[in-house]
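So the chains spell out like this:
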Amino acid sequence: MDRSQYNKAIRCTVDQCANHCDHAEYCALDSITVGTHEANPTVDQCTDCKSFSRK
C-alpha cells in the first residue's frame, strides 16, 4: 500500500496504524470498517476502527 497517498474523507490521528498516511493525519485506505466492542454502545469510546493494523 502506498501510504503517501491519503483519503481526504477519512481523518486519522493513530500513528501506530499501518494504514496511517506518512505525512498527514489521514488514512491511506479507500474505505474503513467501524465497529463496536460493546453490546449496547452509548458513547464514542465504544466504537473501534476495525481496519486498524499495527505497524
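Everything discussed here concerns the structure shown above.
Here is a short report on the structure shown in this document. What you see is a predicted model, and the numbers here were worked out from it, not measured in a lab.

**Section: the overall build of the protein chain**
Counting its secondary structure elements, the protein chain contains zero helices and four strands. Written out in order from the N terminus, the α and β elements of the protein chain read β-β-β-β. With the C-alpha coordinates of the protein chain rotated into their principal frame, the extents come out at 35 × 20 × 15 Å. Look at the contacts in the protein chain between residues 6 or more apart in sequence, and 23% of them connect residues 24 or more apart.

**A word on the layout of surface pockets**
A volume near 150 Å³ is recorded for the largest pocket. Considering the residues around the largest pocket, the lining is formed by Ile10, Arg11, Cys12, Val14, Cys17, Asn19, Cys27, Leu29, Ile32, Cys49, Ser51 and Phe52. Classifying every residue of the lining of the largest pocket gives nine nonpolar, two polar and one charged.

**Brief notes about the pattern of salt bridges**
Once the charged atoms of two side chains with opposite charge are near each other, the side chains can pair. On inspection of all chains with the given rule, the structure shows one salt bridge. The shortest N-O distance in the salt bridge between Arg11 and Glu25 comes to 3.8 Å. Here the residue Arg11 occupies a position in strand S1 (residues 7-11), and Glu25 occupies one in the loop between S1 and strand S2 (26-27), the gap between them amounting to 14 residues. Judged by relative accessible area, Arg11 falls into the exposed class, the value being 55%. The class for Glu25 is partly exposed, based on a relative accessible area of 41%.

**Some remarks on the side chain of Ser51**
Here Ser51 lies in the segment after strand S4 (47-49). Taking the relative accessible area as the measure of exposure, Ser51 reaches 17% and is therefore buried.

Reading guide: rules and limits
Residues numbered from 1 in each chain as written. Predicted model: local features only at pLDDT ≥ 70, side-chain atom pairs only at ≥ 80, totals over all residues. Heavy atoms only, no water. Helix = DSSP H or I, 4+ residues; strand = E, 2+ residues; numbered from the N terminus. Contact = heavy atoms within 4.5 Å. 1 Å grid on protein atoms, 1.4 Å probe; cavity = no way out; pocket = protein on both sides within 12 Å on 5 of 7 lines; lining within 4 Å. Points joined across faces, edges and corners; volume = space filled by probe spheres on them. Nonpolar A, V, L, I, M, F, W, Y, C, P; charged D, E, K, R; others polar. Salt bridge = Lys/Arg side-chain N within 4 Å of Asp/Glu carboxyl O. Buried < 20%, exposed > 50% of the residue type's maximum accessible area, 1.4 Å probe, protein only.

None of the figures reported here should be taken as evidence of function without further support.
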